[in-house]
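# Topology and contacts: notes
These are the residues of each chain, in order.
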Amino acid sequence: MTIPALAPRPQLWILRHGETEWSKSGQYTGLTDLPLTVEGEQQAVEARKVLDPVDFDLVLTSPLRRARRTAELAGFPDAQHEPLAVEWNYGDYEGISSDLIRKDNPDYLIWTHGVPNGETLDEVAARADKIIGRVLESGMDNVLIVAHGHFSRILTARWLELPPTEGRHFILGTAKVCTLGWDKKTPAIVRWGL
């Protein structure tokens, strides 16, 4: 993902969707299309305060309802649906919490053990890489993506040119805003969890 030396250096803003019943309870929520809770809707409205001052050239959203509604409440009702930005397909672990999984396998971490009958970490990273490539080649200044927790963490690791497993270091709460940008020519985190 190297950007040419003289090319513009876009910033990729991330907004994680607001709270759902499963994000509140810690259940893996991949492709299950849950609505936001009342609190999640309020979180999305609050995120608007952080995003309002920014002039976005492009706003993308996962097509899942929780992300689309977050985008709408944050002030972006016309956000472009980006199918590559859906959450990790958790397969057999959809709707299950990692605490429950660790009762049978105390060493379990999604970052190293993955999920049975779902996407591999590398498959999720490949989707993130395609979005990053699109942003880097766009010539735009500011792009916003409204997406999901694990996906956004993997996207961040890949922006920083790290292996996708390093996404485990980037905790991201519901409806939090982050900015990925540059330290001169080096990909960097500019803001995290606003």
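Going by what an unreviewed UniProt entry lists, the protein chain is known as Phosphoglycerate mutase and is assigned to Pseudarthrobacter oxydans.

## Remarks on the sheet that holds strand 5 (residues 177-183)
Spatially, 3-2-4-1-5-6 is the arrangement adopted by the 6 strands of the open sheet, whose pairing is mixed. Each edge of the sheet is formed by a strand with only one pairing partner; in this case those strands are strand 3 (80-81) and strand 6 (186-191). Looking at chain direction, strand 1 (residues 11-16) and strand 4 (residues 142-147) are connected through 6 bridges and run parallel. The partner of Arg16 across the bridge, within strand 4, is Ala147.

## Concerning the packing of helix 2 (residues 38-51) against helix 3 (residues 65-73)
Packed helix pairs are characterised by how far apart their axes lie and by the angle those axes make with each other. Helix 3 packs onto helix 2 with a crossing angle of 45 degrees between their chain directions and a minimal axis gap of 8 Å. It follows that helix 2 is oblique to helix 3 by the angle criterion. For the crossing formed where helix 2 meets helix 3, the hand is right-handed. Residues Glu41, Ala44, Val45 and Arg48 of helix 2 form the contact with helix 3, whose participating residues are Arg69, Thr70 and Leu73. Split by residue class, the contact of helix 2 with helix 3 holds 3 nonpolar, 1 polar and 3 charged.

## Describing the environment of Tyr28
Mapping Tyr28 onto the fold places it in the loop between helix 1 (21-25) and helix 2. With relative accessibility at 9%, the residue Tyr28 sits in the buried group. Separated by 157 residues in the primary sequence, Tyr28 and Lys185 place their C-alpha atoms 36 Å from one another. Non-local contacts of Tyr28, meaning those with residues more than four positions away in its chain, are made with Trp22, Tyr90, Tyr93, Glu94, Gly95, Ile96, Ser98, Ile101, Tyr108, Ile110 and His150.

## Quick notes on the nonpolar core
Of all hydrophobic cores here, the largest spans 36 residues; its most connected members are Ile145, Leu155 and Trp159. Looking at this core, the elements that each hand over two or more residues are strand 1, strand 2 (58-61), helix 5 (110-113), helix 6 (121-137), strand 4, helix 7 (149-159) and strand 5. Here the element with the most residues in this core is helix 6; it accounts for 8 residues. In this structure, Leu51, Val59, Leu144 and Val146 belong to the second largest nonpolar core, which totals 15 residues.

## Let's talk about the UniProt feature "binding site: substrate" (unreviewed entry) in the protein chain
When the UniProt feature table is mapped onto this chain numbering, "binding site: substrate" (unreviewed entry) sits at Thr29, Gly30 and Arg66. Taken together, the annotated residues stretch across 38 residues yet fold into one region, lying no more than 11.1 Å apart by C-alpha. Topologically, Gly30 is positioned in the loop between helix 1 and helix 2. In contact with Gly30, other than residues within four places in its own chain, are Leu64, Arg66, Glu87, Trp88, Tyr90 and Glu94. Structurally, Arg66 is set in helix 3. Among the residues examined, Arg66 registers a relative accessible area of 0% and is labelled buried.

Basis of the calculations
Residues numbered from 1 in each chain as written. Predicted model: local features only at pLDDT ≥ 70, side-chain atom pairs only at ≥ 80, totals over all residues. Heavy atoms only, no water. Pairing = 2+ DSSP bridges. Helix = DSSP H or I, 4+ residues; strand = E, 2+ residues; numbered from the N terminus. Axes fitted to C-alpha atoms, helices over the stretch in contact; angles between N-to-C directions. Parallel < 35°, antiparallel > 145°, perpendicular 65-115°, else oblique. Left-handed = near helix turned anticlockwise from the far one by under 90°. Contact = heavy atoms within 4.5 Å. Nonpolar A, V, L, I, M, F, W, Y, C, P; charged D, E, K, R; others polar. Buried < 20%, exposed > 50% of the residue type's maximum accessible area, 1.4 Å probe, protein only. Core = buried A, V, L, I, M, F, W, Y, C linked by side-chain atoms within 4.5 Å. UniProt positions renumbered as here; feature names shortened; annotations may be inferred.

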